Amino acid sequence: MRLLLFLLLILQLFSCSSDSKKPEFVLNELHGNAQGTSFSIKFLAKDSIDYSQEVQTILMNIDMKLSTYVSFSIISGFNKNKDSIKGYAQKDSMFTLVYNKSKEIYQLSEGAFNPTVSALVDYWGFANGSQVPEKIDSIKIDSLKNYLTYFGKCTSEIRGDSIYIHTGIENVQFDFNGIAQGASVDVLAVFLEEQGINDYMVELGGEVRAKGKNQEGEIWTIGIDKPLETASHDQLQATLLLENRSLATSGNYRRFYEKDGVKYSHTIDPTTGFPVNHSLLSVSVLADDCMSADAYATVFMVMGLEKSKTFLKNHPELKLDAYFIFSDESGTYDTWMTEGMKKMLTELE
Ligand code: AMP
Ligand code: MG
């Protein structure tokens, strides 16, 4: 019944339309809601094509694996299962992809990105159905921080058709929400490329991947929102040319609450166990794939501006560019960006 409702909801939320500006190409557009947010896909093709069914199936399949908001997903099953060995089918390769990438970024970021923050995300009231804590219990936070030390020690083992993750202790939970949206964008982009489409823009919850040109024969232009709590998507901070790359943005203005005059945002600093608390308002990251852009946007929100600058300088091999918006001493906005970003980005008044 739940599955049926879920399917009906997704079906309802899809719409498809097309429009043509260049005579030889048709601009196809697909908009809808998924993963608790909206998506928008634009692509050029010789004809108008409706991929709404395929896109719906792809997004639903991802949710069945990675969504903490779907009670019967693999990740929800993992988190309900207290055992220190958790298994899933080998064919669920999306889970493996995200898990392995998370491990890689966990190591490179020295633990700034850590999916075992799950219990802390829950403690601070940012998980599905969790409550904002009445009062801050530092003993509890310290005990939940203990789980963070186990992500690096997790090992996986293939047995038959299944993969088993050994977490070392019981009750370890995972949260891939810092990387899953970007990974979903990549899957949708790969799907379009498999259909022979070379001009597209895929956006899900603000994470974007673009290739080729738009209907005007120009590189796709993407807007970066102002980091305002009240901003609508038409209040742009900057525009960016996205040429065969991906963009992801994380910000403390997106999901947060205020309690006793203190602002708590949904990015957890694994060293303190507390939500990050610094002057960085938003980070936009460019990478070749959207999964990396998404995870590194979260990483830089954790690291803050100065550490992120050092990280970017020390890791040219990752081919990342980034744009930071922070509040300076006087409380007004300031920005910093990498040299590569300067070539692509135009700040607006
Ligand atoms: P994003 O919007 O991509 O920055 O992802 C934020 C989400 O990632 C949060 O809502 C949490 O579910 C999760 N998260 C929070 N802190 C971390 C962290 N340090 N490492 C990995 N995931 C995190
Ligand atoms: Mg992220």
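Described below are features of the structure shown in this document. (Residues numbered from 1 in each chain as written. Chains lettered and ligands numbered in written order. Predicted model: local features only at pLDDT ≥ 70, side-chain atom pairs only at ≥ 80, totals over all residues. Heavy atoms only, no water.)

Focus: the layout of surface pockets
Estimates place the volume of the second largest pocket at around 370 Å³. Lining the second largest pocket we find 17 residues, and of these Ser 109, Glu 110, Ala 112, Met 303 and Lys 307 sit closest to its centre. With 6 residues, helix 8 (residues 290–314) is the largest single contributor of residues to the lining of the second largest pocket. Here the lining of the second largest pocket is composed, by residue class, of 7 nonpolar, 7 polar and 3 charged. (1 Å grid on protein atoms, 1.4 Å probe; cavity = no way out; pocket = protein on both sides within 12 Å on 5 of 7 lines; lining within 4 Å. Points joined across faces, edges and corners; volume = space filled by probe spheres on them. Helix = DSSP H or I, 4+ residues; strand = E, 2+ residues; numbered from the N terminus. Nonpolar A, V, L, I, M, F, W, Y, C, P; charged D, E, K, R; others polar.)

What to know about the packing of aromatic side chains
Summed over all chains, the structure comprises 22 aromatic pairs. A ring pair is formed by Tyr 99 and Phe 151, whose centres lie 5.9 Å apart and whose planes are at 80°; its orientation type is edge-to-face. Taken together, the positions of Tyr 99 in helix 4 (residues 93–108) and Phe 151 in the loop between helix 6 (138–145) and strand 5 (155–159) put the pair 52 residues apart, joining distant regions of the chain. For the residue pair Tyr 99 and Phe 151, the accessibility class agrees, reading buried in each case. One aromatic cluster is present, formed by Phe 78, Tyr 88, Phe 95, Tyr 99, Tyr 106, Phe 151, Phe 174 and Phe 176 through successive ring pairs. One Lys or Arg, Lys 103, reaches over the ring of Phe 151 and ends 5.8 Å from the middle of that ring. Looking at Lys 263, its charged tip hangs above the ring of Phe 256, at a distance of 4.5 Å from the centre. (Phe/Tyr/Trp six-rings, centres within 6.5 Å; stacked < 30°, edge-to-face > 60°. Buried < 20%, exposed > 50% of the residue type's maximum accessible area, 1.4 Å probe, protein only. Lys NZ or Arg CZ within 6 Å of the ring centre and 35° of its normal.)

Remarks on the packing of helix 4 against helix 8
Look at helix 4 against helix 8: their axes get within 10 Å of each other, and the N-to-C directions meet at 10°. When the interaxial angle is binned, helix 4 and helix 8 end up roughly parallel. Within the contact between the two elements, helix 4 uses Leu 97, Val 98, Lys 101, Ile 105 and Leu 108 and helix 8 uses Met 291, Ser 292, Ala 295, Tyr 296, Val 299 and Phe 311. Grouping the amino acids of the contact of helix 4 with helix 8 by side-chain chemistry returns 9 nonpolar, 1 polar and 1 charged. (Axes fitted to C-alpha atoms, helices over the stretch in contact; angles between N-to-C directions. Parallel < 35°, antiparallel > 145°, perpendicular 65-115°, else oblique. Contact = heavy atoms within 4.5 Å.)

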